[in-house]
Amino acid sequence: DTEDLNKFYQKVKSGVSLQFAEIVTTSKKVTESDFKEAKVAEFKALYFEDMIPTRTFYKARWRQWVFMHKNRCYAIISTIFPNYESRIYPDVETMLKTFRVK
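Summarised in this report is the structure supplied together with it. This is a predicted model, so every value here is computed, not measured.

### Describing the sheet that holds strand 3 (residues 59-69)
Then, in step 1: Here four strands make up an open sheet; going across it, the order is 1-2-3-4 and the pairing antiparallel. Each end of this open sheet is capped by a strand with a single partner; those strands are strand 1 (36-40) and strand 4 (72-80). Put simply, the sheet's adjacent strands are angled 35 degrees from each other on average, direction ignored.
Then, in step 2: Taken together, the nine bridges between strand 3 and strand 4 define a ladder with antiparallel strand orientation. When the sheet's bridge partners are listed, Gln64 is paired in strand 4 with Ile77.
Then, in step 3: Lying on the sheet, helix 1 (residues 2-24) is in contact with strand 2 (43-53), strand 3 and strand 4; it crosses strand 3 at an angle near 165 degrees.

This is the structure:
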């Protein structure tokens, strides 16, 4: 049943998004309300971001986009130190717009 399959894929996308976010976020309990809808090329993604501690004790901005294509789940992760944000994040945005699945 296509409707059941689409619901299942949505649960996969939500579950993977939550798993990744829970691994890195120490400042709060992550819930589904912490995710926003976003686009990765033509795909509908769940987006999450937070400032996370690193091994060097500096904080970095964690961003993740999780989406489904057919029966596969993809996650794109970006971590950027705040002082590099203006130099690196525009390239991440360009990458997200041009992402393709072979």
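Having seen it, we continue.
### Examining the side chain of Ser17
Then, in step 1: Locating Ser17 in the fold gives a position in helix 1.
Then, in step 2: With a relative accessible area of 0%, Ser17 lands in the buried category.

### A word on helix 1
Then, in step 1: In this model helix 1 runs 34 Å from its N-terminal to its C-terminal C-alpha over 23 residues, within 8% of the 33 Å that 1.5 Å per residue would give.
Then, in step 2: Listing the buried residues of helix 1 in full gives Tyr9, Lys13, Ser14, Ser17, Ala21 and Val24.
Then, in step 3: Contacts made by the buried residues of helix 1 are with strand 2, strand 3 and strand 4.

### Observations concerning unusual backbone geometry
Then, in step 1: Of note, Phe57 is a non-glycine position whose phi angle comes to about 75 degrees, a positive value.
Then, in step 2: Looking at the element boundaries, Phe57 is found in the loop between strand 2 and strand 3.
Then, in step 3: On the accessibility criterion, Phe57 (78% relative accessible area) is exposed.
Then, in step 4: The phi angle at Lys70 is positive, at roughly 55 degrees, despite the residue not being glycine.
Then, in step 5: Here Lys70 shows up in the loop between strand 3 and strand 4.

Calculation criteria
- Residues numbered from 1 in each chain as written.
- Predicted model: local features only at pLDDT ≥ 70, side-chain atom pairs only at ≥ 80, totals over all residues.
- Heavy atoms only, no water.
- Pairing = 2+ DSSP bridges.
- Helix = DSSP H or I, 4+ residues; strand = E, 2+ residues; numbered from the N terminus.
- Axes fitted to C-alpha atoms, helices over the stretch in contact; angles between N-to-C directions.
- Contact = heavy atoms within 4.5 Å.
- Buried < 20%, exposed > 50% of the residue type's maximum accessible area, 1.4 Å probe, protein only.
- Expected span 1.5 Å × (residues − 1).

Honestly, that's just the spatial picture; any functional story needs more than this.
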